[in-house]
Amino acid sequence: MDVTKREELLEVLDELLRQNSVWREEELLDRLREGGHDVFGGWHSADPVRLFRAHFTLFHLLYLLRERLRGSGEADLEIHCLRIARRALKRHEGLVPELHDPLRAYYLDLKQLEETDRVAVETLLDAFWGAYHRRSSRLDALAVLGLEKNASDADIRRAWRRLALRHHPDRGGDPATFRRMAEAVTILKEHPLAN
């Protein structure tokens with residue numbers, strides 16, 4: 001993307017964020033596309049590489065805009081795929097040096113966009129869905145044991161003992177219920193609580 005096009009898109013993004021201070025990524029991409037900004041043409045594609053490129057380009061621009069807004073002391077941006085929000089700078093911001101932000105570094109490095117091919121995009125997607133399914137399996141297993149999402153290993157052991165005494169087939173419990181509980185404990189051992 002040339003400098004003129006980048007500056008034009010930064011102006012458009014800034015104006016959209018002034019009009020509505022909170023957006024989701026897909027809303028912002030749709031609005032930009034409706035405005036004729038073809039750099040985002042891949043947003044409605046089924047091709048994961050085109051989707052990645054649209055996402056990366058938007059986030060690259062958002063991080064550039066955030067740098068500009070912070071530098072002028074005008075505003076700040078919260079940048080996340082579920083929430084892109086313009087907000088006022090807090091009084092202490094700008095006085096304390098910023099910590100390293102790996103996402104900022106990633107999206108400002110255009111080599112990431114240029115060097116990310118189909119295999120890399122599919123690897124990223126596989127990692128995301130794997131983590132999603134592990135989390136989902138863990139939450140389902142915790143529900144079987146009647147536990148909350150942040151249950152510790154000790155909480156799981158206590159729940160297992162209490163429920164096993166009640167549902168063990170040798171004590172008159174239902175074998176299917178006991179089997180579901182045992183499967184839940186196995187899942188929780190395979191997918192421990194992430195720190």
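We now turn to the structure provided with this report. (Residues numbered from 1 in each chain as written. Predicted model: local features only at pLDDT ≥ 70, side-chain atom pairs only at ≥ 80, totals over all residues. Heavy atoms only, no water.)

Before going further, it helps to spend a moment on the overall build of the protein chain. On a plain count of helices and strands, the protein chain comes out with 8 helices and 3 strands. For the protein chain, the succession of helices and strands along the chain, N to C, is α-β-α-α-β-β-α-α-α-α-α. Taking 195 residues into account, the globule formula puts the C-alpha radius of gyration at 16 Å, and the protein chain, at 24 Å, lies well above it. Taken along the three principal axes of its C-alpha coordinates, the protein chain extends 75 × 45 × 30 Å. Of the roughly 12,500 Å² that the protein chain leaves accessible, carbon and sulfur atoms contribute 53%. Each charge class in the protein chain can be summarised by its mean position, and for the 32 positive and 34 negative side chains these summaries are 8 Å apart. (Helix = DSSP H or I, 4+ residues; strand = E, 2+ residues; numbered from the N terminus. Rg over C-alpha atoms; globule rule 2.2 N^0.38 Å. Areas by Shrake-Rupley, 256 points an atom, 1.4 Å probe, with all protein chains shown as cover. Lys, Arg positive; Asp, Glu negative; His and termini not counted. Charge placed at Lys NZ, Arg CZ, Asp CG, Glu CD.)

Our focus in this paragraph is the pairing of strand 3 (residues 83-87). Alignment of strand 1 (residues 22-23) against strand 3, held across 2 bridges, turns out to be antiparallel. Note on strand 3: the bridge partner recorded for Val-22 is Ala-85. Two elements, strand 2 (residues 76-80) and strand 3, share 5 bridges in a ladder whose sense is antiparallel. Residue Glu-78 lies in a different strand from strand 3, and its bridge partner there is Ala-85. Between strand 2 and strand 3, which follow one another and run antiparallel, lie 2 residues. (Pairing = 2+ DSSP bridges.)

Here we take up the pattern of salt bridges. Counted by the stated rule, this structure contains 16 salt bridges. Where Arg-70 meets Asp-76, a salt bridge forms, and the shortest distance between an N and an O atom there is 2.6 Å. Looking at Arg-70, the relative accessible area reads 25%, which means it is partly exposed. Judged by relative accessible area, Asp-76 falls into the buried class, the value being 1%. When the shortest N-O distance is used, the salt bridge between Arg-158 and Asp-155 registers 2.5 Å. Taken together, the positions of Arg-158 and Asp-155, both in helix 7 (residues 153-167) and 3 residues apart, correspond to about one turn of that helix. The exposure class assigned to Arg-158 is partly exposed, which follows from its relative accessible area of 48%. Using a relative accessible area of 27% as the deciding quantity, one classes Asp-155 as partly exposed. (Salt bridge = Lys/Arg side-chain N within 4 Å of Asp/Glu carboxyl O. Buried < 20%, exposed > 50% of the residue type's maximum accessible area, 1.4 Å probe, protein only.)

Take the sheet that holds strand 3 next. The strands that make up a sheet are held in pairs by hydrogen bonds between backbone atoms, and each pair lies either parallel or antiparallel. Taken together, the 3 strands give an open sheet; going across it, the order is 1-3-2, and neighbouring strands pair in antiparallel fashion. Of all the strands in the sheet, the pair left with one neighbour each is strand 1 and strand 2.

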